[in-house]
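What follows is each chain in one-letter form.
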Amino acid sequence: QKEVEQDPGPLSVPEGAIVSLNCTYSNSAFQYFMWYRQYSRKGPELLMYTYSSGNKEDGRFTAQVDKSSKYISLFIRDSQPSDSATYLCAMSVGNEKLTFGTGTRLTIIP
Amino acid sequence: NAGVTQTPKFQVLKTGQSMTLQCAQDMNHNSMYWYRQDPGMGLRLIYYSASEGTTDKGEVPNGYNVSRLNKREFSLRLESAAPSQTSVYFCASSGSQAGQPQHFGDGTRLSIL
C-alpha cells in the first residue's frame, strides 16, 4: 500500500462547477500538506500549503486537512478552463522529504 | 524571477552514453532535489542535498550520481544510460526550515534509445 493515495482520474467537469480533489494517507506523522498544479510539459507549481489540520482559502481555492481521518482535499470554486491540469498532493513529516500522490488529471469543459 | 532552471529541456541518448543534467536555483535555498516522473508512478526522489557539500540517496538512486557544485547548483549524471531511465527529470529546491515546500524547474525530457 502506498503512503499517499490519489485517484488518477481523469476528471472532467463543466466550467463554473465546484471541483473536489482528494488524497488519503497512512502515515500519521505527516504534518505539512501541499497541493501542486502541473500543466502539460511544465514543472509542478505550488498552489496551497497548510500545516496540521484545518482549512485554508486562497481566492477560488480551498485546502482542507482532516488529520483524524488522514484525508486532505482541494476545492476549486467557479472552475475555469485554465484550471485544466494535473493536481498533485504532497506531504511531509517535517524533514526535507516530500511524499507525493500520483496526481489527478482535471479537465474543465467550456 | 528565474527560480529553478534546468538544462537541457530535451535530450535523446543511445544506450550506454553518459550525460549530465544541470540545475541552478536563485532563491538562496539550502536544499535541492532530483526527481523522475513516470506515468502512473508519480514523482520519485532520486537524490537530494540538504546543504552544500552533502548528498543523500532517495527512493531510486541506482544508475545515477549527483554533485552539489555550490549552493546554487546541483547536477545529476547518468554514467551509462539505459532505456529504463527514459523519463522526465525534475529538479527542485527548498528552504531548510521544517516542512518547507519545494519549488520545481520545468524538467528535462530524456529519451534513451
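Residues numbered from 1 in each chain as written. Chains lettered and ligands numbered in written order. Predicted model: local features only at pLDDT ≥ 70, side-chain atom pairs only at ≥ 80, totals over all residues. Heavy atoms only, no water.

A closer look at the interface of chain A and chain B
Between chain A and chain B, the contact holds 20 residues from the first and 23 residues from the second. Together chain A and chain B conceal approximately 1,700 Å² of surface at their shared face, both sides included; 56% is due to carbon and sulfur atoms. The three residues of chain A that bury the most area against chain B are R41, E96 and F100 of chain A, which together make up 30% of that side's buried surface. On inspection of chain A and its partner chain B, the count reaches one salt bridge. K42 of chain A serves as the salt-bridge partner of D106 of chain B, at 3.5 Å between the closest nitrogen and oxygen. Run the count over chain A and chain B and you get five residue pairs in polar contact (both at pLDDT 80 or more). Sorting the residues of the side of chain A that touches chain B by element identifies β4 (32-38), β5 (45-51) and β9 (85-92) of chain A as the ones contributing at least two each. Take the side of chain A that touches chain B: its biggest share by element is four residues, from β4 of chain A. When grouped by side-chain class, the residues that make up the side of chain A that touches chain B number nine nonpolar, six polar and five charged. (Contact = heavy atoms within 4.5 Å. Buried area = accessible area lost by both parts, 1.4 Å probe. Salt bridge = Lys/Arg side-chain N within 4 Å of Asp/Glu carboxyl O. Polar contact = N/O pair within 3.5 Å; in protein donor to acceptor, adjacent residues only side chain to side chain. Helix = DSSP H or I, 4+ residues; strand = E, 2+ residues; numbered from the N terminus. Nonpolar A, V, L, I, M, F, W, Y, C, P; charged D, E, K, R; others polar.)

What to know about the sheet that holds strand β3 (residues 19-25) of chain B
Residues and elements named next belong to chain B. Spatially, the four strands line up as an open sheet ordered β1-β3-β8-β7, and their pairing is antiparallel. The strands lining the two open edges of the sheet, one partner per strand, are β1 (4-7) and β7 (64-68). Along the sheet, successive strands turn relative to each other by an average axial angle of 20 degrees, direction set aside. Here four bridges tie β1 to β3, and the two strands are oriented antiparallel to one another. Note on β3: the bridge partner recorded for V4 is Q25. (Pairing = 2+ DSSP bridges. Axes fitted to C-alpha atoms, helices over the stretch in contact; angles between N-to-C directions.)

Describing the confidence of the model for chain B
Put simply, chain B has an average pLDDT of 94, and 99% of its residues get 70 or more. Ranking the helices and strands of chain B by mean pLDDT puts strand β8 (residues 74-78) of chain B first, with 98, and strand β5 (residues 42-49) of chain B last, with 94. (pLDDT = per-residue confidence, 0-100.)

Structural notes on the environment of S53 of chain A
Residue and element names in this part refer to chain A. For S53, the position within the fold is in the loop between β5 and β6 (54-58). The contact partners of S53, leaving out residues within four places of it in the chain, are V65, D66 and K67. At 3.3 Å, the side chain of S53 and the backbone nitrogen of K67 are in polar contact.

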